[in-house]
Amino acid sequence: RCFPKTYLDMRESQPLKYAYNNDMVLTCGKLMSLPSVRYFRRGGMVKAVCEQEGFIFSIVFFNMPYVANNLKVGEENLFYGRVKSDFNGVSLINPSYELLERAFRLKGIVPQYQLKGSLTQKCMRDAVRLAVDIEKPKSIIPPSLLAKYQLKDLYSSYRDVHNPSSFQSEKESADRIAVEEYFAL
């Protein structure tokens, strides 16, 4: 079984100037400076300055020096990360990011899976999305019962559990899969 343990609501981004310390925030920003890379004894740090409607903030990545090669000055990115607010200003710590014009992983209701080892959420989401698109499960419930109780198609239920359009559709789809599992017993 590989179902999401929870979901992140990333349907709307919020202005960073209204975020509190330690909030997890989805926001967008334009990169204003080249990322600077500093190395320490235990690892490195990449820091860049971004702007959002006149509000300046920084993004900080620890132990991810490769990020400096991916970020380009002038590009608008969508960021999801923890806000750190102190006397140096506002920062996003180790945010997930995508180009705003090509963002598809950080949009909508995003599933969070239970992971083992070095597997990442991004890798798991991509694998599950591919598996759901390829595999089209067939219901074992007789068609007469499907029609009588107006049960949703099993394939669309799996799609909605792993990529829901709303929390209501996710709940209905999870219930539909539970009915299918009951019949499988």
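Above this note sits the structure.
Draft legend 1. Representation of the side chain of Ser169. Looking at the element boundaries, Ser169 is found in helix H5 (residues 167-184). A polar contact of 3.0 Å, which involves the side chain of Ser169, links it to the backbone oxygen of Ser166. Those residues within four positions of Ser169 in sequence are excluded, and the remaining contacts are Lys152, Asp160 and Pro164.

Draft legend 2. Structural context of the pairing of strand E6 (residues 76-86). Relative to E6, strand E2 (residues 24-31) is paired through 7 bridges, and the arrangement is antiparallel. Counted as the bridge partner of Lys30 is Glu76 from E6. Pairing analysis gives 9 bridges linking E6 to strand E7 (residues 89-99), with the strands arranged antiparallel. Of the residues in E7, the one forming a bridge with Phe79 is Tyr97.

Draft legend 3. Seen up close, helix H2 (residues 121-134). Between its terminal C-alpha atoms H2 stretches 20 Å, which fits the 20 Å expected from 14 residues at 1.5 Å a residue. Of all the residues in H2, the buried ones are Gln121, Met124, Arg125, Val128 and Val132. Projection of H2 onto a plane perpendicular to its axis shows the buried side chains occupying an angular sector of 95°, all on one side. Seen from the buried face of H2, the exposed residues on the opposite side, beyond 90 degrees, are Leu130 and Ile134. The secondary structure elements touched by the buried residues of H2 are strand E8 (108-112) and helix H4 (154-162).

Draft legend 4. The environment of Ser36, seen in detail. Secondary-structure assignment places Ser36 in strand E3 (residues 36-39). Note on Ser36: relative accessible area 31%, which makes it partly exposed. Beyond its immediate stretch of four places on either side in the chain, Ser36 contacts Met45, Val46 and Lys47.

Draft legend 5. Representation of a nonpolar patch on the surface. Residues Ile140, Val179, Tyr182, Phe183 and Leu185 make up a contiguous nonpolar surface patch of roughly 590 Å² in combined accessible area. Among the secondary structure elements, Leu185 is positioned in the segment after H5.

Parameters and conventions
Residues numbered from 1 in each chain as written. Predicted model: local features only at pLDDT ≥ 70, side-chain atom pairs only at ≥ 80, totals over all residues. Heavy atoms only, no water. Helix = DSSP H or I, 4+ residues; strand = E, 2+ residues; numbered from the N terminus. Polar contact = N/O pair within 3.5 Å; in protein donor to acceptor, adjacent residues only side chain to side chain. Contact = heavy atoms within 4.5 Å. Pairing = 2+ DSSP bridges. Expected span 1.5 Å × (residues − 1). Buried < 20%, exposed > 50% of the residue type's maximum accessible area, 1.4 Å probe, protein only. Arc of directions from axis to C-beta. Patch = residues over 30% accessible without salt bridge, like charges linked within 9 Å, V, L, I, M, F, W, Y side chains within 5 Å. Areas by Shrake-Rupley, 256 points an atom, 1.4 Å probe, with all protein chains shown as cover. Salt bridge = Lys/Arg side-chain N within 4 Å of Asp/Glu carboxyl O.

Geometric values such as these leave the question of function open.
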